[in-house]
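As a plain string of letters, each chain reads:
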Amino acid sequence: MAIYNPEVISAPDSEWRDYVRQGCERGVQGKIIESWRRCGRGGLNPYERNIPVPVESSQFKKRMEENLEIVELYQFYIRRFSGLLEQLGACSFVCDTDGYILSRAGYGKVLHFFDNISISEGSSCCEKVIGTNAPSLALIVREPVVVTADEHYTKTYHPAFCAASPILDENRNLLGCVDITKFFDPNISEELRKHLLNLAISLSDMIRNEVFLARLTKSSPAYRSAWGAAPRDPRESPVGDIPADRMRTSFARIVGSAPPLAKAVQTARTYGSKEGNILILGETGTGKELFAQAIHDEDRRVNGPFVTVNCAAIPLELAESELFGYERGAFTGARTEGHPGKFEMAHRGTIFLDEINSMPLPIQAKILRVVETKRVTRINGKREIPVDFRIIAASNRVLADEVAAGTFRKDLFYRLNVLPLRVPALREMSEDIPALLDAFFQACAVEHGVCRKRVSPEALRRLVAYDWPGNVRELKNCAEYLCFTVEGDEIAEHDLPPEILARRIDAPEPPAAPEEPKNLGSLERKFLIETMSGFHGNAVEAAKTLGISRSTLYRKLKKYGITS
């Protein structure tokens, strides 16, 4: 470890020199001391709070637009670890290359503590602003780092353990940084430290890999035909007519023939000729946007725009201006000519509201009014603008449950749920995995001129047995990974990603001898267990299928001790 002489540091005062000297004496690592030196040169006092001031909404909006891909990928992947963060009492955030926080997630108590010290979306965790901390240091040294307790330069942040990993592209250019923070635990174990650091590294690696692969494949015609057409820019007007055969081929982009998928496609096709609003339910990564695009392509509005809105990615303070637009002078940084919102952009076309369940209740009320009146009033505007559009909304949660919990408006739910559509999870159609892989590998081969990959029987057995929590999107990412990392033309079992190899495949157990029900109660209990299992614990769908009320179903589940 390097030894630093605090006397040669240009310190602002003797108090600060003592602070650095004490750090050297207790063996603080060299890169932390170097960071302390930079903080001192910048005039930061370690005994002051050093709390950041969030940027104006217009500046934050610009940063969000510039880093939207990173934010969306972070929000997608962090959902997988939300339960773990809650359990550990930790939180996470992603920041841009300047250290501005773009999105957060995790344990509510920690997020509340963050709010008290202004560590929120739009705030800077830059070293020059708040002193030595993990994300700012990771951005400087371009490698994963841990900063814990009194290694933080500012005493305000001494209760924190922070692990951060930079997001680097293939040329080691900075794209941003992922941070994991845990507070109020001075005796955090070494094992947990490593676990949180590995989690930060895994998140940054997953984001980096998807950005890299997207750059390689997003412009390929084969890519678009296999995985769905690239989303149109809603700011661009459609040019020319849609080819005559497009309506006949749009659903052909959806690969697979499993009964649940075939039923969804058949239902979606019929919706193309109908006028009502559509609500698509399905887990994250199942391809809800692909279904929405296909329905639009078979609608009479096919020559109009298809505007996509990721409701989960819009910050609350920007949601109103994004959806409804604004007039000149609406807020600081607003364009002088004003700006149309997404509903205006979708005029004579379709607006796809993805993850509508993420919208806060005040914005839901405004959306309801637009849905009912087909008129939009911009922020600071004095007139109502008539709009003609079709809404296709999507949710990765059961909206009926959200209504019951009071987090989604009942009246808006009824307005959107005119034509319901459920997109199945990949685990429900595992027989389609070989066909999907073949389509993905074929697209890679055409795009990059490489040999078309094939999967060995052992590897395919692993892939089919895996539960694919990220659904088709995760399978697509896996196929891209294998396409670019496997040298030969056959993918062996050992070539598969670690998370797939980690799943143990047990030999099937011989079926138990059928047991004759002793009474009507045991038969009913068995039937309820099978029904709840078939709907993956979804009480709303199970009750609907059984033809009973949800309260009756809950009463029966409690009676037989079924925890779903």
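Residues numbered from 1 in each chain as written. Predicted model: local features only at pLDDT ≥ 70, side-chain atom pairs only at ≥ 80, totals over all residues. Heavy atoms only, no water.

A. Up close: the overall build of the protein. Each helix and strand in the protein was counted, giving 25 helices and 16 strands. For the protein, with 564 residues in total, the buried portion stands at 47%. Expressed as a percentage of contacts within the protein between residues at least 6 apart in sequence, the contacts between residues at least 24 apart total 69%. (Helix = DSSP H or I, 4+ residues; strand = E, 2+ residues; numbered from the N terminus. Buried < 20%, exposed > 50% of the residue type's maximum accessible area, 1.4 Å probe, protein only. Contact = heavy atoms within 4.5 Å.)

B. Local environment of the nonpolar core. I207, F343, L353, I356, I367 and I391 are the most contacted members of the largest nonpolar core, which totals 63 residues. Per-element accounting of this core gives the leading share, eight residues, to helix α9 (residues 190-217). In this structure, I367 is in contact with L323, F324, F343, I356, M359 and L412, ignoring residues within four places of it in sequence. Counting 41 residues, the second largest nonpolar core, distinct from the first, contains F306, F352, L463 and Y466. (Core = buried A, V, L, I, M, F, W, Y, C linked by side-chain atoms within 4.5 Å.)

C. How the structure looks around the packing of aromatic side chains. Going through the model one piece at a time under the given rule, you end up with eight aromatic pairs. Between F76 and Y77, the aromatic rings sit 4.8 Å apart at their centres with planes inclined by 65 degrees, giving edge-to-face as the arrangement. For F76, a relative accessible area of 9% gives the class buried. Ring geometry for F413 against Y414: centres 5.6 Å apart, planes inclined by 50 degrees, an arrangement best described as tilted. F413 gets classed as buried once you look at its relative accessible area, which sits at 11%. Under the relative-accessibility criterion, Y414 is labelled exposed at 54%. (Phe/Tyr/Trp six-rings, centres within 6.5 Å; stacked < 30°, edge-to-face > 60°.)

D. Structural view of helix α16 (residues 361-373). Taking 1.5 Å per residue as the helical rise, α16 with its 13 residues ought to reach 18 Å, and the 19 Å between its terminal C-alpha atoms agrees with that figure. Those residues of α16 that fall on the buried side of the exposure criterion are I363, Q364, I367, L368, V370 and V371. The buried residues of α16 occupy an angular sector of 165 degrees when the element is viewed end-on, so they sit on one face. Two residues or fewer past α16, K374 is found with a positive phi of approximately 55 degrees. (Expected span 1.5 Å × (residues − 1). Arc of directions from axis to C-beta.)

E. Just the sheet that holds strand β5 (residues 174-183), in detail. With respect to topology, five strands assemble into an open sheet ordered β2-β1-β5-β4-β3, the strand pairing being antiparallel. The outermost strands of the open sheet, each flanked by one partner alone, are β2 (101-106) and β3 (145-148). Taken over all neighbouring pairs, the strand axes of this sheet differ in orientation by 20 degrees on average, direction set aside. Two elements, strand β4 (residues 160-168) and β5, share nine bridges in a ladder whose sense is antiparallel. Each residue of the ladder has a partner; that of F161, found in β5, is K182. Helix-sheet contacts for helix α4 (residues 68-78) involve β1 (90-95), β2, β4 and β5, and the interaxial angle to β2 is about 5 degrees. (Pairing = 2+ DSSP bridges. Axes fitted to C-alpha atoms, helices over the stretch in contact; angles between N-to-C directions.)

F. Up close: helix α13 (residues 288-297). Within α13, eight of the 10 residues are buried, which leaves the element mostly enclosed by the surrounding structure. Of the residues making up α13, those classed as buried are K288, F291, A292, Q293, A294, I295, H296 and D297.

G. Summary view of the confidence of the model for the protein. Taken residue by residue, the protein gives an average pLDDT of 80. The fraction at 70 or more is 82%. In the model, residues 218-249 has pLDDT below 50 throughout and makes 52 contacts with residues more than four positions away in sequence or in other chains. For residues 507-519, every residue scores under 50 in pLDDT, and the model assigns this stretch two contacts once sequence neighbours within four places are set aside. (pLDDT = per-residue confidence, 0-100.)

H. Molecular detail of the side chain of E127. Relative to the helices and strands, E127 is located in helix α7 (residues 127-130). A distance of 2.5 Å separates the side chain of E127 from the side chain of S35, its partner in a polar contact. With sequence-adjacent residues up to four places away left out, E127 is seen in contact with S35, R38, C39, L44, T132, N133, S136, L137 and I140. (Polar contact = N/O pair within 3.5 Å; in protein donor to acceptor, adjacent residues only side chain to side chain.)

I. Expanded view of unusual backbone geometry. Although it is not a glycine, N50 sits at a positive phi angle of roughly 50 degrees. Along the chain, N50 turns up in the loop between α2 (30-41) and α3 (57-66). For K374, which is not a glycine, the phi torsion comes out positive at approximately 55 degrees. Within the secondary structure, K374 sits in the loop between α16 and β11 (375-376).

J. Spotlight on the pairing of β2. For β2, a buried count of five out of six residues is recorded, marking the element as mostly surrounded by other parts of the structure. Of the pairings in the sheet, the one linking β1 to β2 comprises five bridges and is antiparallel in character. By the bridge assignment for β2, F93 is matched with R104. What sits between β1 and β2 in their antiparallel hairpin is a turn of five residues, with G99 showing a positive phi close to 90 degrees.

K. Layout of the environment of P166. By the secondary structure assignment, P166 is in strand β4. C-alpha of P166 to C-alpha of C95: the two residues are 71 residues apart in sequence and 9.4 Å apart in space. If near-sequence neighbours (up to four positions away) are discounted, P166 is found in contact with A138, R142, E143, P144, L174, G176, C177 and S204.

L. Region of interest: the state of the cysteines. Tallied over the full model, the rule gives zero disulfides. Residue C39 stays outside any disulfide, its sulfur separated by 9.0 Å from that of C126, the closest cysteine. Lacking any disulfide linkage, C91 is separated from the closest cysteine sulfur, that of C162, by 8.2 Å. (Disulfide = S-S within 2.5 Å.)

M. Representation of the sheet that holds strand β7 (residues 306-310) in the model. On the basis of which strands lie adjacent, the open sheet formed by five strands has the order β7-β10-β13-β6-β14 and parallel pairing. Sheet topology places β7 and β14 (419-422) at the edges, where each strand pairs with a single neighbour. With strand direction ignored, the average angle separating the axes of adjacent strands in the sheet is 20 degrees. Inspection of the sheet shows β7 paired to strand β10 (residues 349-354) by five bridges, in the parallel sense. Pairing of V309 across the sheet is with L353, part of β10. Most of the contacts of helix α12 (residues 259-271) go to β14, to which it runs at about 155 degrees, and overall it touches β6 (278-281), β13 (389-395) and β14. On the sheet, α13 packs against β6, β7, β10, β13 and β14 and is oriented at approximately 170 degrees with respect to β10.

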